[in-house]
Amino acid sequence: MKDHISYILNDLGEGRSNYYNAMSPPIIQTSNFVFPTVDTFREAIMDELNAHIYTKGNNPTVEMARKKIAALEGTDDALLFASGTAAISMTIMHCAGQGDHVICVRHPYAWTATVLSKYLVRFGVEYDFVDGSDLEAIEALIKPNTKLLFLESPNTFTYDIQDIEACVALAKQYNLITAMDNSYASPIFQQPAKMGVDIVIHSVTKYINGHSDVVAGVVCSSQKIINKMFVDEFMILGGILPPQEAALILRGLRTLPIRMERIQKSTEYILAKLKGHPKIKRVYYPFDPDFPQYDLARKQMSGCGGLFTIEFDLPDKASVIALVNSIKRWKIAVSWGGHEALMFPIAALHDIPGRDNPHIPWSFVRFYVGLEEPEYLLADLLEAMG
Ligand SMILES: *Cc1c(COP(=O)(O)O)cnc(C)c1O
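In this text the structure is predicted, and so the values were computed from the model without any measurement. (Residues numbered from 1 in each chain as written. Predicted model: local features only at pLDDT ≥ 70, side-chain atom pairs only at ≥ 80, totals over all residues. Heavy atoms only, no water.)

What follows covers the domain arrangement of the protein. For an interface, size is often stated in terms of accessible area lost upon the parts coming together. Per the domain assignment, the segments of the protein are domain 1 (2-254) and domain 2 (256-385). The straight-line distance from the C-alpha centre of domain 1 to that of domain 2 is 27 Å. For the domain 1 face of the interface with domain 2, the top three residues by lost area are F157, F189 and Y207, together amounting to 29%. Linking domain 1 to domain 2 there are zero salt bridges. Scanning the region where domain 1 abuts domain 2 turns up 18 residue pairs in polar contact (both at pLDDT 80 or more). For the side of domain 1 that touches domain 2, the elements supplying multiple residues, two or more each, are helix 1 (5-10), helix 7 (164-173), helix 8 (186-189) and helix 10 (243-254). Considering each element in turn, the side of domain 1 that touches domain 2 owes the most residues, four residues, to helix 8. (Domains from an automatic or database assignment. Buried area = accessible area lost by both parts, 1.4 Å probe. Salt bridge = Lys/Arg side-chain N within 4 Å of Asp/Glu carboxyl O. Polar contact = N/O pair within 3.5 Å; in protein donor to acceptor, adjacent residues only side chain to side chain. Helix = DSSP H or I, 4+ residues; strand = E, 2+ residues; numbered from the N terminus.)

Around the ligand there are 15 residues in total, and G84, T85, D181, T205 and K206 lie nearest to it. A distance of 2.9 Å separates an oxygen atom of the ligand from a polar atom in the side chain of S203. In the model, an oxygen atom of the ligand is placed 3.4 Å from a nitrogen or oxygen of the W336 side chain. Here the ligand loses 90% of its free accessible area of 380 Å² to cover by the protein chains. With respect to the detected pockets, the ligand is housed in the largest pocket. The greatest single-element share of the shell around the ligand, amounting to three residues, is contributed by helix 4 (residues 84-95). In terms of residue class, the shell around the ligand is built from five nonpolar, seven polar and three charged. (Near = heavy atom within 4 Å. Areas by Shrake-Rupley, 256 points an atom, 1.4 Å probe, with all protein chains shown as cover. 1 Å grid on protein atoms, 1.4 Å probe; cavity = no way out; pocket = protein on both sides within 12 Å on 5 of 7 lines; lining within 4 Å. Sits in = over half its atoms within 2 Å of the grid points. Nonpolar A, V, L, I, M, F, W, Y, C, P; charged D, E, K, R; others polar.)

Let's shift gears to helix 4. Spanning twelve residues, helix 4 covers 17 Å between terminal C-alpha atoms, matching the ideal 16 Å at 1.5 Å per step. Burial analysis of helix 4 places ten of its twelve residues in the buried class, the great majority of the element. Along helix 4, the positions that sit buried rather than exposed are G84, A86, A87, I88, S89, M90, T91, I92, H94 and C95. (Expected span 1.5 Å × (residues − 1). Buried < 20%, exposed > 50% of the residue type's maximum accessible area, 1.4 Å probe, protein only.)

This part takes up the pattern of salt bridges. Under the definition given, this model contains 16 salt bridges. D100 is the salt-bridge partner of K147, the closest N and O atoms lying 2.9 Å from each other. Within this pair, whereas K147 is found in strand 4 (residues 146-152), its partner D100 is found in the loop between helix 4 and strand 2 (101-105), the two being separated by 47 residues in sequence. Between E383 and K328 there is a salt bridge; the shortest N-O distance is 3.4 Å. With E383 in helix 14 (residues 374-385) and K328 in the loop between helix 13 (317-326) and strand 10 (331-332), this residue pair connects regions lying 55 residues apart in the sequence. Here the two residues E383 and K328 agree in accessibility, since each one is exposed.

Further remarks concern the environment of I201. Residue position: I201 is located in strand 6 (residues 199-203). In contact with I201, other than residues within four places in its own chain, are A87, I88, T91, F150, M180, D181, N182, S183, V218 and V219. (Contact = heavy atoms within 4.5 Å.)

Viewed as axis vectors pointing N to C, helix 10 and helix 11 (residues 256-274) meet at an angle of 55°, and their least axial separation amounts to 5 Å. Comparing the axis directions of helix 10 and helix 11 gives the class oblique. On helix 11, the residues touching G252, L253 and R254 of helix 10 are L256, P257 and R259. For the contact of helix 10 with helix 11, the residue count by class is three nonpolar, one polar and two charged. (Axes fitted to C-alpha atoms, helices over the stretch in contact; angles between N-to-C directions. Parallel < 35°, antiparallel > 145°, perpendicular 65-115°, else oblique.)

The next subject is empty space enclosed by the protein. Within this structure, the stated rule accounts for one cavity of 30 Å³ or more. Taken together, 13 residues make up the lining of the largest cavity; nearest its centre are G57, N58, V62, L80 and F234. Its residues assigned to classes, the lining of the largest cavity shows seven nonpolar, four polar and two charged. (Points joined across faces, edges and corners; volume = space filled by probe spheres on them.)

Axis angle and axis distance: for two packed helices, these are the angle between their axes and the distance between the axes, and together they describe the pair. Two elements in contact, helix 4 and helix 5 (residues 110-119), have axes whose closest approach is 9 Å; the angle formed by their N-to-C orientations is 45°. Classed by the angle they form, the pair helix 4 and helix 5 counts as oblique. For the pair helix 4 and helix 5, the crossing hand works out as right-handed. On the side of helix 4, the interface is formed by T85, I88, S89, I92 and M93, while helix 5 contributes W111, T112, V115, L116 and Y119. Considering only residue class, the contact of helix 4 with helix 5 consists of seven nonpolar, three polar and no charged. (Left-handed = near helix turned anticlockwise from the far one by under 90°.)

Moving on, we come to the sheet that holds strand 6. Pairing is mixed across the open sheet formed by seven strands, whose spatial order is 1-7-6-5-4-2-3. Two strands in the sheet have a free side with no partner beyond their single neighbour: strand 1 (77-81) and strand 3 (126-130). On average, each strand axis in the sheet is tilted by 20° relative to the strand beside it, whichever way the strands run. Of the pairings in the sheet, the one linking strand 2 to strand 3 comprises five bridges and is parallel in character. Bridge pairing in strand 3 links V105 to V130. Set on the sheet, helix 4 makes contact with strand 1, strand 2, strand 4, strand 5 (177-181), strand 6 and strand 7 (217-221); between it and strand 6 the angle comes to about 155°. Packed onto the sheet, helix 7 meets strand 4 and strand 5 and runs at close to 155° relative to strand 5. (Pairing = 2+ DSSP bridges.)

So this is what it looks like as structure tokens:
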């Protein structure tokens, strides 16, 4: 039962006898820790990832969140970062250096693409973007210097899915490391490490924290990779998570499974009622039976969450903008995964240099279902659509 979700969320990593048997852990708000003797100090320095020496390396509040998220993903350990983007950047930096080549799925999270195309190229890292559903296309790009296959399944506007086990098998054949951004599904609905992925990343900002009040990221992997990344990137680049944020994440984690269950049910209810609406051209949602990769989604994910995209059947950009402006309960914002329903109209990005997404047309609006009553959210959408 040590991997049972309730055990992980309630007990794993908690040290209640160290803090008056308090049910809820204290926030260990300190930069450094004291030692009674030179020997105990020296012993701690030899194991900085697990000892408590300095909060840049390891803090007990952060450690508790780290252990719980690793257990949910089914990996040995994890590292928490100041943002999901930091977790992604440091993973790629860990896996590829000067002269190496990275293969990444096309249309990943925008800053993942930027890390490769704008930043790491300056340090001599080569890259290619590829249709992740086309195994032959991936294989054709593998070169002697290829080190990393970076996946994101599903991604977050069009929900492109990769066959995770097939990608892992291909990567193993050529000795590539596999890393995957698993933010869309959360560790409740998909565990890529159990399908053989070496490094699993989350934007903790989204479902894991779940209350729109923390920006954080996590890398989950084997003890060997975490130990090495701790020394080679984490301690040097220093994009760490402070203890206050970790305490909020611990609180968010306690309700992660019930939030996911609620969001999943609400989303299915809303999408079923929207089916066939004359102003909707197409809905993008992996658990919609009409979704092109529906069978693969069902095979890899035990649930799908609250993020979907509607392609509206409207004559021009102005009418999409007018429709979005007339929706009252769903709020216009970036991000997702919190308690509140959101929408991201792609029309907002159009013609902004560097922010335009040629593969996503202006008629797309991404919706996120929060913890509200689904009837309330649906009524608002139906009223706006007329
Ligand atoms: C938001 C997001 C990220 C980045 O996370 P931040 O915490 O905002 O840096 C990475 N991947 C996906 C899929 C995301 O949605």
